[in-house]
Amino acid sequence: MFGRIATWEGEVVGFTIAVVHPGSWTLAPVCYLEDLFIDPAARGRGIGRALVEDVLQRCRQERLVAALPAHSGLEPRSAAALRQIRPGR
């Protein structure tokens, strides 16, 4: 499990929490984006996108399969992310 925080002008405005666990459908470990929160007052600045990209970058570095939940509002990107992040590619 790991988390990240985002700051804007010295204030914490968002965070992610991701859980890494053995996969039941892949040999590589799976990184599941468990939580993504952006303060409503800070939305529209690309903070959420930057936090998700940070999780995806870590998946690439550690050869994890990325799993972004459909209810995150990122479903179209999640399918592309799963194809891009699959270990060995």
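Before any of the text, the structure's been laid out above.
Residues numbered from 1 in each chain as written. Predicted model: local features only at pLDDT ≥ 70, side-chain atom pairs only at ≥ 80, totals over all residues. Heavy atoms only, no water.

(A) Spotlight on the sheet that holds strand β2 (residues 11–21). Spatially, the four strands line up as an open sheet ordered β1-β2-β3-β4, and their pairing is mixed. Edge positions in the sheet fall to β1 (2–8) and β4 (65–67), since each has one partner strand and no second. Going across the sheet, the axis of each strand differs from the next one's by a mean of 25°, ignoring polarity. Pairing analysis gives three bridges linking strand β3 (residues 30–38) to β4, with the strands arranged parallel. What sits directly across from Val-30, in β4, is Val-65. Contacting β1, β2, β3 and β4, helix α1 (residues 47–62) runs over the sheet at an angle of about 165° to β3. (Pairing = 2+ DSSP bridges. Helix = DSSP H or I, 4+ residues; strand = E, 2+ residues; numbered from the N terminus. Axes fitted to C-alpha atoms, helices over the stretch in contact; angles between N-to-C directions. Contact = heavy atoms within 4.5 Å.)

(B) Examining the packing of aromatic side chains more closely. As enumerated under the stated definition, the model contains one aromatic pair in all. Aromatic side chains Phe-15 and Phe-37 sit 5.8 Å apart centroid to centroid with 35° between the ring planes, which places their arrangement in the tilted category. Of this pair, Phe-15 sits in strand β2 while Phe-37 sits in strand β3; the two residues are 22 residues apart in sequence, bridging distant segments of the chain. Classification of Phe-15 by relative accessible area gives partly exposed; the value is 30%. The ring of Phe-2 is capped by Arg-58, whose NZ or CZ atom sits 3.8 Å from the centre of that ring. (Phe/Tyr/Trp six-rings, centres within 6.5 Å; stacked < 30°, edge-to-face > 60°. Buried < 20%, exposed > 50% of the residue type's maximum accessible area, 1.4 Å probe, protein only. Lys NZ or Arg CZ within 6 Å of the ring centre and 35° of its normal.)

(C) Region of the structure containing the side chain of Thr-16. Residue placement: Thr-16 occurs in strand β2. With residues up to four places along the chain from it excluded, the contact list for Thr-16 reads Phe-2, Gly-3, Arg-4, Leu-33, Asp-35, Leu-36, Leu-51 and Val-55.

(D) Quick look at unusual backbone geometry. Phi angles above zero are rare outside glycine, and Glu-9 is one such case at about 50°. Structurally, Glu-9 can be placed in the loop between β1 and β2. Taking the relative accessible area as the measure of exposure, Glu-9 reaches 74% and is therefore exposed. Despite not being glycine, Arg-63 shows a phi value in the positive range, around 60°. Topologically, Arg-63 is positioned in the loop between α1 and β4.

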